[in-house]
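# Examining the three-dimensional arrangement
The lines below spell out each chain.
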Amino acid sequence: MRKPIGRTAAAYAPRAAIVGALVAALLATASCTGTVPPDATAAGTAPAPTSSPASPAAPSTGSPSAAPAPVPDTLRFTGTTLTGSAFDATRLAGRPVVLWFWAPWCATCASQAWTVAEIAPRYRETVPIVGVAGLGEQRDMKNFVSEFDLGDMPQIDDRKGTLWKRFTVTEQSIFVIIDRDGTVVHQGFLDGESLSARVAALAGA
């Protein structure tokens, strides 16, 4: 005997309703959870970054100020210029220096003076040339400086011979050349051409 159709539909209706309710509940749960992992950080805070090796700090762009150059023993002396100004040779440390020992009555010194007057201003910042006047009167020394236009370079008044003795200079005209490390690399006579070449070489070193 066949079962009535109406009875079968009525018998399965409650079961269909239960299935529909379960599907709806599952969909609601999925929409609340989204894709956030179970160990997510609390709301309002950024998630913890993944571990990675620490990058080194960027080097500073500012360059430190240059340390003062050490003062060699050869430049540890002071004096007074023909104009009455104090002279401190320690300020020349770190650069080559030329000391020119001259006397106002010396004909050889006069012949060299033109070259000295020409190159001294050119190399004032790179290879300072310092005159050390001795063996004469101050008035004559000043006249010598004026006559040969040597006023742009320091001229130490060494009438007492303090620096002449310090550098064991016993005659004029003598050039004492000190390199940037404070070593005396020449002591003796130089003509104008040789002096110019040596100073130019020191400036380019």
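On to helix α3 (residues 138-147). Inspection of α3 places Met141, Phe144 and Val145 among the buried residues, and these make up the whole buried set. Within α3, the buried residues cover an arc of 100° as seen down the axis, which keeps them to one side. Turned more than 90 degrees away from the buried face of α3 sit Arg139, Ser146 and Glu147, all of them exposed. As for α3, its buried residues are in contact with β3 (97-102), α2 (107-119), β4 (129-133) and β5 (155-157). Downstream of α3 by one or two residues, Asp149 has phi in the positive range, about 55°.

Quick look at the nonpolar core now. Counting residues in hydrophobic clusters, the biggest one holds 29 residues, and the most contacted among them are Trp100, Trp102, Val116, Phe144 and Leu150. For this core, the secondary structure elements donating two or more residues are β3, α2, β4, α3, β6 (174-178) and α5 (192-204). The element that contributes the greatest number of residues to this core is α2, accounting for 6 residues. By size, the runner-up hydrophobic cluster in this structure holds 18 residues, among which are Ala89, Val132, Trp164 and Ile178.

The 5 strands lie next to each other as β5-β4-β3-β6-β7, forming an open sheet whose pairing is mixed. Across the chains shown, the open sheet's two edge strands, defined by having one partner strand only, are β5 and β7 (184-188). Adjacent strand axes in the sheet meet at a mean angle of 15°, parallel and antiparallel pairs treated alike. Where β3 lies against β4, 5 bridges are found, and the strand directions are parallel. Following the sheet pairing, Phe101 is matched in β4 by Val132. Of the strands in this sheet, β3, β6 and β7 touch α5, which is tilted by about 10° from β6.

In this section: the pairing of β3. Burial analysis of β3 places 6 of its 6 residues in the buried class, which makes it a mostly covered element. The side-chain alternation of β3 yields two buried faces, one formed by Val97, Leu99 and Phe101 and the other by Val98, Trp100 and Trp102. Pairing of β3 with β6, which is carried by 5 bridges, proceeds in the antiparallel orientation. In the strand pairing of β6, Val97 is matched with Ile178. Traced from β3 through α2 to β4, the parallel crossover comes out right-handed.

A complete count under the given rule lists 3 salt bridges for this structure. For Glu118, the salt bridge identified is with Arg122, shortest N-O distance 3.6 Å.

So, about the side chain of Asp179. Secondary-structure assignment places Asp179 in the loop between β6 and β7. For the buried Asp179, which has no salt bridge, the nearest side chain bearing the opposite charge is Arg180, at an N-O separation of 7.4 Å. At 2.8 Å, the side chain of Asp179 forms a polar contact with the backbone nitrogen of Thr183. Those residues within four positions of Asp179 in sequence are excluded, and the remaining contacts are Arg95, Pro96 and Val185.

Here the focus is the pairing of β7. Alignment of β6 against β7, held across 4 bridges, turns out to be antiparallel. The partner of Val176 across the bridge, within β7, is Gln187. The turn joining β6 and β7, which pair antiparallel and follow one another in sequence, is formed by 5 residues; a positive phi near 95° is taken by Gly182.

The description of two aromatic rings rests on the distance between their centres and on the angle between their planes. For the structure shown, the criterion picks out 10 aromatic pairs. Judged by centre distance (5.9 Å) and plane angle (85°), the rings of Phe77 and Phe167 are edge-to-face. On the criterion of sequence distance, the pair formed by Phe77 in the loop between α1 (5-33) and β1 (78-80) and Phe167 in the loop between α4 (162-166) and β6 is long-range, its members being 90 residues apart. The exposure classification of Phe77 matches that of Phe167, with both residues buried. Considering the side-chain rings of Trp100 and Trp102, the 5.9 Å spacing of their centres and the 35° angle between planes classify their relative orientation as tilted. Exposure class is identical for Trp100 and Trp102. Each is buried. An aromatic cluster is present here, built from Trp100, Trp102, Trp114, Phe144, Phe148 and Phe175 joined pairwise through their rings.

Criteria and thresholds
Residues numbered from 1 in each chain as written. Predicted model: local features only at pLDDT ≥ 70, side-chain atom pairs only at ≥ 80, totals over all residues. Heavy atoms only, no water. Buried < 20%, exposed > 50% of the residue type's maximum accessible area, 1.4 Å probe, protein only. Helix = DSSP H or I, 4+ residues; strand = E, 2+ residues; numbered from the N terminus. Arc of directions from axis to C-beta. Contact = heavy atoms within 4.5 Å. Core = buried A, V, L, I, M, F, W, Y, C linked by side-chain atoms within 4.5 Å. Pairing = 2+ DSSP bridges. Axes fitted to C-alpha atoms, helices over the stretch in contact; angles between N-to-C directions. Right-handed = clockwise from strand over helix to strand, strands pointing away. Salt bridge = Lys/Arg side-chain N within 4 Å of Asp/Glu carboxyl O. Lys, Arg positive; Asp, Glu negative; His and termini not counted. Polar contact = N/O pair within 3.5 Å; in protein donor to acceptor, adjacent residues only side chain to side chain. Phe/Tyr/Trp six-rings, centres within 6.5 Å; stacked < 30°, edge-to-face > 60°.

The values reported here are purely geometric and, on their own, carry no functional implication.
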